[in-house]
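Next come the chains, spelled out residue by residue.
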Amino acid sequence: MTAKPLASSSLFPSAGRMLVYAVLALAVAFFLLPLYAMLVTSFKDAEEIRSTSLLALPGGLNWSAWFTAWSSACTGVDCNGLRPFFWNSVSMAVPAVLISTVWGALNGYVLSLWKFRGSDTLFGLLLFGVFMPFQVVLLPMSQVLGWLGLSSSITGLVLVHCLAGLAGTTLFFRNYYAAIPKELVNAARMDGASFFQIFWRIVLPLSTPIVMVTLIWQFTNIWNDFLFGVVFSGTDSKPITVGLNNLANTSSSVKAYNVDMAAAIIAGLPTMVIYVLAGKFFVRGLTAGAVKG
Amino acid sequence: MKNSFETWLPKLVVAPAFVLGFAFIYGLMVWNGVLSFSASRMLPNYEWVGLAQYDKLWAMDRWWVALKNLGIFGVGYVGGSLLIGVLLAVLLDQKIRAEGALRTIYLYPMALSFVVTGTAWKWLLNPGMGLEKLVRDWGFTNFEFGWLVDTDMAIYCVVIAGIWQSAGFAMALFLAGLRGIDDSIIKAAQVDGASLPRIYWRIVLPALRPVFFSTLMVLSHLAIKSFDLVMALTAGGPGFATDVPATFMYTMSFSRGQIGLGAASATMMLATVAALVIPYLYSELRSKPHDR
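Note that the structure is predicted; figures quoted are calculated from it, not measured.

## Side note on the overall build of chain B
1) Next: Helix and strand counts for chain B come out as 13 helices and 0 strands.
2) Next: Ordered by position from N to C terminus, the α and β elements of chain B give α-α-α-α-α-α-α-α-α-α-α-α-α.
3) Next: In terms of principal-axis extent, the alpha carbons of chain B reach across some 80 × 70 × 30 Å.
4) Next: Residue pairs at least 24 apart in sequence account for 69% of intrachain contacts in chain B once pairs closer than 6 positions are excluded.
5) Next: Taking the 22 positively charged and 18 negatively charged side chains of chain B as two groups, their mean positions are separated by 5 Å.

## Here we look at unusual backbone geometry
Residues apart from glycine generally show negative phi values, whereas peptide bonds are mostly found in trans.
All names here are of chain B.
1) Next: Of note, K95 is a non-glycine position whose phi angle comes to about 50°, a positive value.
2) Next: With respect to the helices, strands and loops of the structure, K95 is situated in the loop between α3 (61-92) and α4 (99-107).
3) Next: Positive phi, normally seen in glycine, also occurs at A235, with a value near 55°.
4) Next: On the secondary structure map, A235 appears in the loop between α11 (228-233) and α12 (245-255).
5) Next: A relative accessible area of 46% means that A235 is categorised as partly exposed.

## With respect to empty space enclosed by the protein
1) Next: Tallied over the entire structure, the rule returns 4 cavities of 30 Å³ or more.
2) Next: Here the largest cavity is characterised by a volume of approximately 1000 Å³.
3) Next: Together, 42 residues line the largest cavity, and A:F134, A:W217, A:N221, B:L222 and B:K225 are the ones closest to its centre.
4) Next: At the level of secondary structure, the elements contributing two or more residues to the lining of the largest cavity comprise α5 (119-131), α7 (154-177), α10 (208-224), α11 (227-232) and α13 (257-290) of chain A together with α7 (154-179), α10 (209-225) and α11 of chain B.
5) Next: The residue inventory of the lining of the largest cavity, partitioned by class, reads 23 nonpolar, 15 polar and 4 charged.
6) Next: Size it by volume and the second largest cavity reaches roughly 60 Å³.
7) Next: Taken together, A:T41, A:K44, A:I49, A:T52, A:S53, A:L54, B:W123, B:M129, B:G130 and B:K133 form the lining of the second largest cavity.

## Quick word on the state of the cysteines
Residue and element names in this part refer to chain A.
1) Next: Going through the model one piece at a time under the given rule, you end up with 1 disulfide over all chains.
2) Next: Two residues share a disulfide in this structure: C74 and C79, whose sulfurs sit 1.9 Å from each other. What sets the handedness of the C74 and C79 disulfide is the S-S torsion sign, and at about 105° it is right-handed.
3) Next: Assessed through its relative accessible area of 34%, C74 is described here as partly exposed.
4) Next: Residue C79 is classed as partly exposed on the basis of its relative accessible area of 35%.

## Remarks on the interface of chain B and chain A
1) Next: Taken together, the contact pairs 104 residues of chain B with 107 residues of chain A.
2) Next: For the pairing of chain B and chain A, the buried interface totals around 9700 Å² over both sides, and the portion due to carbon and sulfur atoms is 77%.
3) Next: Inspection of the region where chain B meets chain A yields 0 salt bridges.
4) Next: The tally of links between chain B and chain A comes to 20 residue pairs in polar contact (both at pLDDT 80 or more).
5) Next: The element that contributes the greatest number of residues to the side of chain B that touches chain A is helix α1 (residues 2-36) of chain B, accounting for 20 residues.

## As for the nonpolar core
1) Next: One finds A:Y109, B:F24 and B:Y106 to be the most contacted residues of the largest nonpolar core, which totals 185 residues.
2) Next: With 16 residues, the single largest contributor to this core is α7(B).
3) Next: Sequence-distant contacts of B:Y106, that is, excluding residues within four places in its chain, are made with A:L24, A:A27, A:V28, A:F31, B:L88, B:L92, B:G168 and B:M171.
4) Next: In this structure, B:W63, B:F248, B:L261 and B:A264 belong to the second largest nonpolar core, which totals 8 residues.

## Some thoughts on the packing of aromatic side chains
Residue and element names in this part refer to chain A.
1) Next: Within this structure, the stated rule accounts for 41 aromatic pairs over all chains.
2) Next: Seen from their ring centres, F173 and Y177 are 5.7 Å apart, and the 40° between their planes marks the pair as tilted. Here F173 pairs with Y177, and both are found in helix α7, just 4 residues apart, close to one helical turn. Like Y177, F173 is buried.

## So, the side chain of B:K133
1) Next: Along the polypeptide, B:K133 turns up in helix α6 (residues 130-137).
2) Next: Since its relative accessible area comes to 15%, B:K133 is described here as buried.
3) Next: A distance of 3.3 Å separates a polar atom in the side chain of B:K133 from the backbone oxygen of A:R50.
4) Next: Other than its neighbours up to four places away in sequence, B:K133 contacts A:I49, A:R50, A:S51, A:T52, A:S53 and B:G128.

## A look at the environment of A:D260
1) Next: Examined against the element boundaries, A:D260 turns out to sit in helix α13.
2) Next: Judged by its relative accessible area of 6%, A:D260 is buried.
3) Next: Counting along the chain gives 226 residues from A:D260 to A:P34, while the straight-line C-alpha distance between them is 13 Å.
4) Next: Setting aside residues up to four positions removed in sequence, A:D260 forms contacts with A:L244, A:L247, A:A248, A:K255 and B:T119.

## A few points about the environment of A:I240
Residue and element names in this part refer to chain A.
1) Next: Along the chain, the position of I240 falls in helix α12 (residues 240-249).
2) Next: By relative accessible area, which is 0% here, I240 ends up buried.
3) Next: It is 10 Å that separates the C-alpha atoms of I240 and V230, two residues lying 10 residues apart in sequence.
4) Next: Sequence-distant contacts of I240, that is, excluding residues within four places in its chain, are made with L82, F85, F86, S89, W223 and A267.

## Section: the side chain of B:T242
Residue and element names in this part refer to chain B.
1) Next: Among the structural elements, T242 can be located in the loop between α11 and α12.
2) Next: On the basis of relative accessible area, T242 is assigned to the buried category, the value being 0%.
3) Next: Beyond its immediate sequence surroundings of up to four residues, T242 is in contact with N69, A154, I155, V230, T234, G236 and G237.

Criteria and cut-off values
Residues numbered from 1 in each chain as written. Chains lettered and ligands numbered in written order. Predicted model: local features only at pLDDT ≥ 70, side-chain atom pairs only at ≥ 80, totals over all residues. Heavy atoms only, no water. Helix = DSSP H or I, 4+ residues; strand = E, 2+ residues; numbered from the N terminus. Contact = heavy atoms within 4.5 Å. Lys, Arg positive; Asp, Glu negative; His and termini not counted. Charge placed at Lys NZ, Arg CZ, Asp CG, Glu CD. Buried < 20%, exposed > 50% of the residue type's maximum accessible area, 1.4 Å probe, protein only. 1 Å grid on protein atoms, 1.4 Å probe; cavity = no way out; pocket = protein on both sides within 12 Å on 5 of 7 lines; lining within 4 Å. Points joined across faces, edges and corners; volume = space filled by probe spheres on them. Nonpolar A, V, L, I, M, F, W, Y, C, P; charged D, E, K, R; others polar. Disulfide = S-S within 2.5 Å. Buried area = accessible area lost by both parts, 1.4 Å probe. Salt bridge = Lys/Arg side-chain N within 4 Å of Asp/Glu carboxyl O. Polar contact = N/O pair within 3.5 Å; in protein donor to acceptor, adjacent residues only side chain to side chain. Core = buried A, V, L, I, M, F, W, Y, C linked by side-chain atoms within 4.5 Å. Phe/Tyr/Trp six-rings, centres within 6.5 Å; stacked < 30°, edge-to-face > 60°.

Written as structure tokens, this is what we have:
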């Protein structure tokens, strides 16, 4: 990806370049419009929303909608804001992300550096898990969770996310470790290093980039999940996406758009912060996830 | 002794993953299949009724609406994202100032949850508020934009929000593909006097075929699985006008007490994804072996 852009500016006539910039600017407006509208709306009060334009800046930084969204907005009959949902998501995402990443690293290590007969076929079969529609697992899985006594619990959600993420994290690490020269491993074995010593001393220290990719990828997926959250969670274990959806769809006589928008930003904030701070790992995850094999 | 342990150890380490992973993927898949042949309603039971649930499914208007919507959404969302994605990638490839910043802006929606995206667009597309009010404030007082509550047009709101979310993703993949193309072919064409648009049309875009194919595959399977966006934006409404198979499955299984029917619809979704993805996975794994 280090190759230079192929067109040199002299090739493009200046009128054409104007057009290029115009289209790119138009796209910027399209992609920023919702975020901008959310942000300005969240700082307005109901009267301001009615009287001003969608794009108008708010009169001041009025944080009241944010406080309401965080701690007192009503979702159904509960009026505790998004705060409990937010912490549910944190306590679900952190263990699920860590477990599925470690698990994927071990699998990828074996599947690329300790191949055995049939391991490629097994991996190919596992890979279907990346694509399969999870609607298929919803009904049986809710029964399994019931048998395990994990229905409507955060632990149950962690388990589901680990299983659902397994194929993806294994894929990431397997593809990454495929680039490690096998001679390195063989030489270490000659020296008497064991399976786990090689993983711990040689492979893992080389893994920082892919660990970052997997952590960010898994965090984004799990934080943003709605399907498992809405099906498998109970009153006290709903993740933030479910909380936001319930809040925005709670029918009341007066719709508090400012609160809805503040809530949506709160729900999206953790992944957006990560995207801004570690965007290149996020993009690498996206591209690695799209190009299989 | 130690030797045989060392040969077994790697297999032993991945065994739990494969046992649990396969139980999760294939075990539950089969189980769901069995449920779809059962008379399950509020609770799962295993009274075999053959294809009765499938007959019922295909006789339902609501299922046909869901399929038609999936068709509209799939074509619009995948097509729109690919088109905007490739266009932006080609434009960004022209030695653009602030390319990094532009890329960041185009791609950030991908980091957001579809629920967040849906909530935001619900506000923008809200008749009477949002974009409608904006255009009216500009002086076009008769302007109307009521797609979100229009039975025939609401699904296109889902398309718009979906494209907004995923076009940047397509752009990122195409841009990576563009940067991977060998410069010398293009240099040669330039020496021959070919114009830039012509070079792109005849040489560069055809070279992007594998990227195009991967992107198409990922977006298509996302379209089939699409659930959150519809739930957040329209919740399948008005009525069930914006139902897609995923929301249909959810409604039947978890609010209508029609578990057998829900399972049957999930199996249809699985069949669609499998028909699309299995040939792709097969060719990808075969053409790029990692054996060394």
